[in-house]
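Letter by letter, the chains look like this.
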Amino acid sequence: MLALKIIGIVILSILGVIILYGFFLWFISIFVKKGKIYDKFSPFYYGALQSVTFLIRFVARIKIVKVGFEKIPKDGKFLLVCNHTSDFDSILGWSMFRKKRLIFVSKQENFSWPIFGRYLSKCTFLGIDRSDPKQSTKILHRVQEMLSGDTNSVAIYPEGTRNKEPEKGLLPFHDGIFRPAMKAKRPIVVMTVRDAIKVKDNFPKRASRVEFHIVDVIMPEEMEGESTHSISARARQKMEEDLY
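These numbers were taken from a predicted model, which means no experiment stands behind them.

S.K.: Explanation requested: the side chain of Asn83 in the structure shown.
M.R.: As for its position among the elements, Asn83 is in the loop between strand 2 (79–82) and helix 3 (88–96). At a separation of 2.8 Å, a polar atom in the side chain of Asn83 contacts the main-chain amide nitrogen of Val193. Not counting chain neighbours up to four residues away, the residues in contact with Asn83 comprise Asp89, Tyr157, Glu159, Leu170, Met191, Thr192, Val193, Met239 and Leu243.

Encoded structure:
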């Protein structure tokens with residue numbers, strides 16, 4: 001009986017901590033104005049975002065396998081490009097690159113997520129409206145400004161949206177997304193992700209294994225005299241060689 005009481009106390013204590021933590025996450029989110037675009041990166045909210053991400057990885061039992069990460073430049077910021085099949089691409093991505101303070105250019109709808117969306121805003125994540133060319137141009141200009149500074153690395157998906165049938169190949173690339181890195185003279189890190197699309201179906205019955213491969217790093221000196229189309233084509237070829 002004593003053992004059962006101890007187990008009960010432990011379970012209740014864990015539940016209490018989770019409830020308090022959830023309240024804390026909600027409480028700090030109310031200080032972020034919904035829909036506001038923040039220019040100053042917040043280490044505090046980035047830490048909160050990372051802690052939530054850690055819990056998601058733990059509860060969903062997601063194992064991350066990293067291949068080729070030694071290719072990433074040790075110093076300075078970069079533009080990360082990757083294929084896109086799942087919302088977990090971004091969640092796991094900013095978790096892996098937390099020391100680089102990696103932020104994502106994401107669809108505008110993600111900023112309406114409860115609590116989470118406000119954290120994204122406060123961490124200077126960028127929402128892009130694919131139906132508005134003028135707004136997209138402004139966002140890419142902002143990406144260039146960020147890369148020219150020394151606060152954040154930036155991630156963006158060349159396909160522009162989630163690929164719901166990745167087995168059929170990559171979607172067409174938007175060449176313009178490579179321009180900010182070329183103008184800011186920052187490296188372009190080309191990455192592929194495998195099996196993130198399975199996490200949602202696996203949970204809660206099975207654990208998931210998600211692989212991230214760094215397949216190429218295009219240095220600034222390699223981009224001199226090149227067009228955005230040629231750089232886009234190189235990135236696409238490297239992704240296809242790894243995925244298919």
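S.K.: Could you clarify how one ought to interpret the pattern of salt bridges in this entry?
M.R.: Oppositely charged side chains can form a pair if their charged atoms are brought close together. Enumeration according to the criterion identifies eight salt bridges in this entry. Of the charged contacts, one joins Asp216 and Arg234 as a salt bridge, the two residues approaching to 2.8 Å between their closest N and O atoms. Separated by 18 residues along the polypeptide, Asp216 in strand 7 (residues 208–218) and Arg234 in helix 9 (residues 228–243) bring together distant segments of the chain. By relative accessible area, which is 26% here, Arg234 ends up partly exposed. A salt bridge links Arg234 to Glu222, with the nearest nitrogen and oxygen atoms 2.9 Å apart. Here Arg234 is found in helix 9, whereas its partner Glu222 is found in helix 8 (residues 220–223), with 12 residues between them in sequence. We classify Glu222 as partly exposed; its relative accessible area is 33%. Overlapping salt bridges, with partners in common, bring together Asp216, Glu222 and Arg234 in one network.

S.K.: Where do I start with a nonpolar patch on the surface in this structure?
M.R.: A contiguous nonpolar surface patch, about 870 Å² in accessible area, is contributed by Leu4, Ile6, Ile7, Val10, Ile11, Leu12, Ile14, Leu15 and Ile18. On the secondary structure map, Leu12 appears in helix 1 (residues 2–29). Owing to a relative accessible area of 60%, Leu12 belongs among the exposed residues under this scheme.

S.K.: Explanation requested: the environment of Leu102 in the structure shown.
M.R.: Here Leu102 lies in strand 3 (residues 102–107). Owing to a relative accessible area of 0%, Leu102 belongs among the buried residues under this scheme. In this structure, the C-alpha to C-alpha distance between Leu102 and Lys77, residues 25 residues apart in sequence, is 8.9 Å. Beyond its immediate sequence surroundings of up to four residues, Leu102 is in contact with Tyr46, Phe78, Leu80, Gly93, Trp94, Phe97, Phe125, Ser153, Val154 and Ala155.

S.K.: How do you make sense of the pairing of strand 6 (residues 188–194) when you look at a structure like this?
M.R.: If a strand is regular, its side chains alternate between the two faces of the sheet. Counting buried positions over the seven residues of strand 6 gives six, a clear majority of the element. With seven bridges joining them, strand 6 and strand 7 adopt antiparallel strand pairing. Across the sheet, the residue bridging to Arg194 is Glu211, located in strand 7.

About the cut-offs
Residue indices follow the written sequence of each chain, beginning from 1 at its first position. In keeping with the predicted nature of the model, local features appear solely for residues at pLDDT of at least 70, side-chain atom pairs appear and are counted solely at 80 or more, and the whole-chain, interface and lining totals rest on all residues. Side-chain numbers here rest on the full set of heavy atoms in the structure, without hydrogens or water. The secondary structure listing takes helices from DSSP runs of H or I that are at least 4 residues long and strands from runs of E that are at least 2 residues long, numbered from the N terminus. Polar contact is defined as a pair of N or O atoms within 3.5 Å, subject to the rule that within protein one atom must be able to donate a hydrogen and the other to accept it, and that residues adjacent in sequence are counted only when both atoms are side-chain atoms. When checking whether two residues touch, look at their non-hydrogen atoms; a contact exists if any pair is within 4.5 Å. Counted as salt bridges are all cases of a side-chain nitrogen of Lys or Arg within 4 Å of a carboxyl oxygen of Asp or Glu. To sort residues, take the accessible area from a 1.4 Å probe on protein chains only and compare it with the maximum for the residue type: under 20% means buried, over 50% means exposed, and anything in between is partly exposed. Put simply, a patch holds well-exposed residues, over 30% relative accessible area, that have no salt bridge, with like charges counted together within 9 Å and Val, Leu, Ile, Met, Phe, Trp or Tyr side chains within 5 Å. Shrake-Rupley sampling with a 1.4 Å probe provides the accessible areas, and residues are treated as covered by the protein chains on show and by no other component. Two strands qualify as a pair provided DSSP detects at least 2 bridges between them.

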